[in-house]
Amino acid sequence: MDAAAVRALRADLEAARFTVDRLTAFWGTAADAALERGNRVPAVRAVAGSTDPAAVLARVFVLGLDDDPAAVAGALPALGLAGAAELGLVDTAGSRIRPLVDLRPYAFLDARGAGEWWIASDLGELATGAALRTDHVLGVGGASVTLSGLLLPGPVDTALDLGTGCGIQALHLAREARRVVATDISSRALDLARLNAALNAVTSIEFRLGSLFDPVSGERFDRIASNPPFVITPRGVGVPEYEYRDGGAVGDDLVAGIVRATAQHLVPGGIAQLLGNWEYRATEDGLQRALGWADEGGLEAWIIERETLDPARYAETWIRDGGTRPASPEYEPLVGAWLDDFAARAVTAVGFGYLLLRRPAGDRMLRRVERIDAPLDTGASGLGVHLSAALAAHDLIAPVDDAALLALHPSVAGDVTEERSHWPGAEHPTVITLRQGGGFRREVRVGTALAAVVGACDGELSLGAILGAVASILDVDAAALTAEILPEVRELVLGGMLILTSGG
Ligand SMILES: C[S@@+](CC[C@H](N)C(=O)[O-])C[C@H]1O[C@@H](n2cnc3c(N)ncnc32)[C@H](O)[C@@H]1O
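We now turn to the structure provided with this report. Throughout this document, residue positions are counted from 1 along each chain, in the order its sequence is written. Only residues with pLDDT of at least 70 are given local features in this predicted model, and only at 80 or more are side-chain atom pairs given and counted; all residues enter the totals for whole chains, interfaces and linings. Here the side-chain values reflect all heavy atoms present in the structure, with hydrogen atoms and water set aside.

The next point concerns the overall build of the protein. Under the DSSP-based scheme used, a helix requires at least four consecutive residues in state H or I and a strand at least two consecutive residues in state E, with every element numbered from the N terminus. Within the protein, the secondary structure is distributed over 19 helices and 17 strands. The C-alpha radius of gyration of the protein comes to 26 Å, within 12% of the 23 Å expected for a compact globule of 504 residues. Overall, the C-alpha framework of the protein stretches about 85 × 55 × 50 Å when taken along its three principal axes. Looking at the protein as a whole, 50% of its 504 residues qualify as buried. In what follows, a contact means two residues having at least one pair of non-hydrogen atoms within 4.5 Å. Relative to all contacts within the protein whose residues are 6 or more apart in sequence, the contacts with residues 24 or more apart total 70%. Residue exposure ignores everything except the shown protein chains as possible cover, and the areas themselves are Shrake-Rupley values with a 1.4 Å probe. In the form shown here, the protein has an accessible surface area of approximately 21,500 Å², with 53% of it arising from carbon and sulfur atoms. A residue counts as positive if it is Lys or Arg and as negative if it is Asp or Glu; His and the chain ends are not included. Just so you know, the charge point we use is NZ for Lys, CZ for Arg, CG for Asp and CD for Glu. Across the protein, the 43 positively charged side chains and the 66 negatively charged ones have centroids separated by 4 Å. Restricting the calculation to C-alpha atoms gives the radius of gyration, and the globule rule supplies 2.2 Å times the number of residues raised to the power 0.38. The rule is simple: take the accessible area with a 1.4 Å probe, protein chains only, and divide by the maximum for that residue type; under 20% is buried, over 50% is exposed, in between is partly exposed.

Here you go:
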């Protein structure tokens, strides 16, 4: 790659003020939302005819339209059309300039705060008007943003991004790690990821070609991040095998294999964060199945399931993702192939979620699964910070026995509210719910006693003193109440809804 050309491109993008806010200023938030739904018409109309360099760049590289050579040359004065062609950004052969990549600003919030990069990837279905190529290199999508938002804060020494694609997780890891290795099976993906690192002046990423952990054989990292090609795909029946989403395995074997192999590539105490799918089978719970992979790999695990899809919905989602529409003749045979594949393993549903895996540094303590379907808080500090605090709370509380727990002083987290629902005219509530305003926005149904305990957690009183007082107010046996409430208190601490300190 020509480093001077990449510097010239960077200078042009900066000079054009080619930023997320600028694009939204051109076409508004409704057009942004339409673009996300696959409708570019409102955005195209908003920038039609504009000679503003950022509008020209948006027409060509975001909306995928061809444009007038003079306009594009004017928007890239330092790089020039020849330089853009040399970098593989445009085709200059015809009378109009045709984009060859998608190149857009990407604004983010991760554990280190807010930032903005430019990211190049393959042109999407919207620009090409055709189903995706099987070697398509994905841009920054919903799953990418989910994983990057969850990444734990550093600083750490080394990190690995497995299946880097356009390099987005590697770029985020480079904010937390001194050195990052990014791997992919696709050399086209690595070329784009290298371009993105250079374009954003990130120099600490090493790119390596190869399958899964092959390129890092014998190496261990402090952190691993992977948005792996986890999509479950029928084999041997002509279903397109997309590199970006499908690792060639049967069922959920690809994610299972990555989880089992992860411990060999983590230092003790090192953490891997993955996205994944897991199958629910007639006699097997999907989350327990995923937890079993971590057990086989000797890893601590915290697995959060965000959604489950039945086989038909799963097939529809991924057939449409590849660009095949319900009206096309391929659609129904493809749905049939997916349903046959699921039926062969008695799959009843597919779960999607996040896996946090840790190589135990001592006793293996963390072994937890959760189902959370509330919308996530993507505000102020990012989910990675919340997850990191939850992990710290786990490590604090796991070795603490019940007697020691009673001596600690809990306080309610600032974002927790309580909601009580009454039957009309009833004196006592029928339902009490604690709601978390930030983080995973957990909702926890609690009984009267736990609500009273939480209500008294002001950091001044010990948990033992609070339980004693609540038992006496409710006129119940203190020992029985303590035995009932302590596991629930532990859950609230792990969820970040109660915070423990050692003294009042
Ligand atoms: C879902 S994309 C994720 C891209 C990017 N990391 C992100 O978060 O947006 C999965 C990536 O894994 C790569 N991949 C597929 N099979 C692979 C394999 N066997 N080994 C390594 N990477 C693979 C694909 O080329 C693709 O870039």
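A 1.4 Å probe that fits into a set of points on a 1 Å grid over the protein atoms alone but cannot get out defines a cavity; an open set with protein on both sides within 12 Å along at least five of seven lines defines a pocket, and lining residues are those with an atom within 4 Å of a point. Grid points are joined across faces, edges and corners, and a volume is the space filled by probe spheres set on the points. Enumeration over the complete set of coordinates arrives at 4 cavities of 30 Å³ or more. Of the volumes computed, that of the largest cavity is approximately 70 Å³. Taken together, Leu147, Leu150, Gln273, Leu274, Trp302, Ile304, Tyr354, Leu355, Leu356 and Leu387 make up the lining of the largest cavity. If you list the elements that add at least two residues to the lining of the largest cavity, you get helix 8 (142-150), strand 9 (266-281), strand 10 (300-309) and strand 11 (347-358). Residues belonging to the lining of the largest cavity are distributed by class as follows: 9 nonpolar, 1 polar and no charged. Classes in brief: Ala, Val, Leu, Ile, Met, Phe, Trp, Tyr, Cys and Pro nonpolar; Asp, Glu, Lys and Arg charged; the others, Gly included, polar.

Once that is clear, we can look at the packing of aromatic side chains. Aromatic pairs are defined between Phe, Tyr and Trp rings, using the six-membered ring for Trp, whenever the two ring centres lie within 6.5 Å; interplanar angles under 30 degrees are classed as stacked, those over 60 as edge-to-face, and all others as tilted. Considering all chains together, one arrives at 8 aromatic pairs under this definition. Ring geometry for tyrosine 314 versus phenylalanine 342: centroids 5.6 Å apart, planes at 75°, classification edge-to-face. A residue pair is termed long-range when its members are at least 10 positions apart, and tyrosine 314 in helix 13 (residues 311-321) and phenylalanine 342 in helix 14 (residues 331-344) qualify at 28 residues. Assessed through its relative accessible area of 1%, phenylalanine 342 is described here as buried. Grouping aromatic residues by their ring pairs yields a cluster made of Tyr106, Phe108 and Trp117.

Further remarks concern the site of the ligand. Neighbouring the ligand are 16 residues, the closest being Ser144, Gly163, Asp184, Leu212 and Tyr244. Within the side chain of aspartate 184, an N or O atom sits 2.6 Å from an oxygen atom of the ligand. Relative to its unbound accessible surface of 600 Å², the ligand loses 95% to contact with the protein. Looking at the shell around the ligand, its residues break down into 5 nonpolar, 9 polar and 2 charged. Here, proximity means that at least one heavy atom of the residue falls within 4 Å of the molecule or strand. Counting of polar contacts relies on pairs of N or O atoms within 3.5 Å, with two restrictions inside protein: one atom must be capable of donating a hydrogen and the other of accepting it, and residues adjacent in sequence are counted only when both atoms are side-chain atoms.

Our focus in this paragraph is the sheet that holds strand 14 (residues 416-421). Read across the sheet, 3 strands follow the order 14-15-16 without closing on themselves; strand pairing throughout is antiparallel. Either end of the sheet is taken by a strand with one partner, and the two such strands are strand 14 and strand 16 (443-446). For this sheet, the mean inter-axis angle between neighbouring strands, taken without regard to orientation, is 25°. Note on pairing: two strands pair once DSSP finds at least 2 bridges between them. As paired elements, strand 15 (residues 431-436) and strand 16 share 4 bridges and run antiparallel to each other. For isoleucine 432, the partnering residue across the bridge sits in strand 16 and is valine 446. Comment: axis = line fitted to C-alpha atoms, over the contacting stretch for helices; angle = value between 0 and 180 degrees taken between N-to-C directions.

Look at the link from glycine 154 to proline 155: it is a cis peptide, with omega at 5°. Among the secondary structure elements, proline 155 is positioned in the loop between helix 8 and strand 5 (156-162). Even without being glycine, leucine 212 reaches a positive phi, approximately 45°. With respect to the helices, strands and loops of the structure, leucine 212 is situated in the loop between strand 7 (205-209) and strand 8 (221-226). On the basis of relative accessible area, leucine 212 is assigned to the partly exposed category, the value being 36%.

So, on to the sheet that holds strand 9. Strand order in the open sheet formed by 8 strands is 7-6-5-8-9-11-10-12, and the pairing between neighbours is mixed. Sheet topology places strand 7 and strand 12 (367-371) at the edges, where each strand pairs with a single neighbour. On average, each strand axis in the sheet is inclined to that of its neighbour by 20°, with strand direction left out of account. Along the sheet, helix 8 contacts strand 8, strand 9 and strand 11; its crossing angle with strand 9, the most-contacted strand, is approximately 145°.

Further remarks concern the nonpolar core. The nonpolar side chains of a soluble globular protein tend to be buried with one another. Ile205, Val259, Tyr314, Leu357 and Phe440 are the most contacted members of the largest nonpolar core, which has 89 residues in total. Take this core: its biggest share by element is 8 residues, from strand 11. Look past the residues within four positions of isoleucine 205 in its chain and what remains in contact with it is Ala170, Leu171, Ala174, Val180, Ala182 and Ala197. Ranked by size, the runner-up nonpolar core spans 40 residues in total, among them Ala54, Leu87, Val101 and Ala189. Side-chain atoms within 4.5 Å link the members of a nonpolar core, which is a set of buried Ala, Val, Leu, Ile, Met, Phe, Trp, Tyr and Cys residues.

Okay, the side chain of aspartate 246 next. As for its position among the elements, aspartate 246 is in the loop between strand 8 and helix 11 (253-262). We classify aspartate 246 as buried; its relative accessible area is 7%. Within the structure, the side chain of aspartate 246 is placed 2.4 Å from the side chain of arginine 235, a separation counted as a polar contact. Here the side chain of aspartate 246 touches glycine 248 through a polar contact of 2.8 Å, landing on its backbone nitrogen. Excluding its chain neighbours within four sequence positions, the residues that come into contact with aspartate 246 are Pro229, Val231, Thr233, Arg235 and Glu241.

Tracing the chain through its elements places leucine 486 in helix 19 (residues 478-494). Judged by relative accessible area, leucine 486 falls into the buried class, the value being 3%. Along the sequence, leucine 486 and leucine 467 sit 19 residues apart, while their C-alpha atoms lie 9.5 Å from each other. Contacts of leucine 486, omitting those with residues within four sequence positions, involve Asp402, Leu405, Leu406, Leu463 and Leu467.

These figures capture arrangement, not role.
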